[in-house]
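Observations on the three-dimensional arrangement
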Amino acid sequence: MRYPDGGGLTAAGRSRREAVRLQAATLLDGGVPVAEIAARLRVSAESVYRWRRRWRAGGRQALVSTGSSGSACRLDGKQLQRLAAMLDQGPVVHGFGLDQRWTLARIAELIEREFHVSYTLRGTSYLLHRMGFTPQMPARRAAERDPDAIAAWRSRRWPSVRG
């Protein structure tokens, strides 16, 4: 299942689901039929059968949440705070020229240089999302924008490009 924020269940959501599984274990232990458990807990019978198999194999402990899925972050809390502070300083401070934009490649390079941990561009994107950063677009148009040149390009060049 995919979630809109890309992060899966929160700790509270995992805890709620675990509570339902443990409640099912109590009912299973009491000899309640699977169909009735599914109806009481408002889950599918298939889920109850799956939980019953796990419960029979490993007891209540087999139904306890294993935590969030996916790989663990390779940066600890202090490193994440330090990275956020470095990103707030801007790319120029960290030697990326005069362009005031962070790119995934630049951030991945900064992480590699400062923390000796390599991230792919997609991994960098996931890391930034977890940290609360979002892709941004400029709030205003460039001062150098020339509307006449744009109109001329649209009338002369665009038709040939568009085909």
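Let me begin by describing the structure that accompanies this report. (Residues numbered from 1 in each chain as written. Predicted model: local features only at pLDDT ≥ 70, side-chain atom pairs only at ≥ 80, totals over all residues. Heavy atoms only, no water.)

1. Some remarks on the overall build of the protein
Worth spelling out the cut-off: Per the convention used, a helix needs a DSSP run of H or I reaching at least four residues, while a strand needs a run of E reaching at least two, with both numbered from the N terminus. Here the radius of gyration uses the C-alpha set of atoms, whereas the globule reference equals 2.2 Å times the residue count to the power 0.38. Each residue is placed in one exposure class: buried if its accessible area under a 1.4 Å probe, protein chains only, is under 20% of its type's maximum, exposed if it is over 50%, and partly exposed if it falls in between. Contacts were defined at the residue level, with two residues in contact if any of their heavy atoms lie within 4.5 Å. To be clear on the numbers: accessible area is Shrake-Rupley with a 1.4 Å probe, and residue cover counts the displayed protein chains and nothing else. Positive charges come from Lys and Arg, negative ones from Asp and Glu, while His and the chain ends are left out of the count. Charged side chains are reduced to one point each, which is NZ for Lys, CZ for Arg, CG for Asp and CD for Glu.
Helix and strand counts for the protein come out as eight helices and zero strands. When the elements of the protein are put in sequence order from the N terminus, they spell out α-α-α-α-α-α-α-α. For 163 residues, the compact-globule formula gives about 15 Å, and the C-alpha radius of gyration of the protein, at 26 Å, lies well above that figure. If you line up the protein on its principal axes, its C-alpha atoms span 80 × 45 × 25 Å. Relative to its 163 residues, the protein shows a buried fraction of 23%. Contacts in the protein between residues far apart in sequence, at least 24 positions, make up 45% of those at least 6 positions apart. For the protein, the exposed surface amounts to about 12300 Å²; the carbon and sulfur share of it is 52%. On the protein, the mean spot of the 28 positive side-chain charges and the mean spot of the 14 negative ones are 7 Å from each other.

2. Considerations on the packing of helix α1 (residues 11–29) against helix α3 (residues 45–58)
Worth spelling out the cut-off: Under this scheme, a helix contributes an axis fitted over its contacting stretch, all axes are lines through C-alpha atoms, and angles between N-to-C directions fall in the 0 to 180 degree range. In this scheme, roughly parallel covers angles under 35 degrees and roughly antiparallel covers those over 145, while 65 to 115 is roughly perpendicular and the rest are oblique. Residues were grouped as follows: Ala, Val, Leu, Ile, Met, Phe, Trp, Tyr, Cys and Pro as nonpolar; Asp, Glu, Lys and Arg as charged; and all remaining residues, including Gly, as polar.
Two numbers describe how α1 lies on α3: the axes approach to 10 Å, and their chain directions differ by 70°. Relative to α3, the element α1 lies roughly perpendicular. Residues Val20, Arg21, Ala24, Ala25, Leu28 and Asp29 of α1 pack against Trp51, Arg52, Arg54 and Trp55 of α3. Of the residues belonging to the contact of α1 with α3, the class tally is six nonpolar, no polar and four charged.

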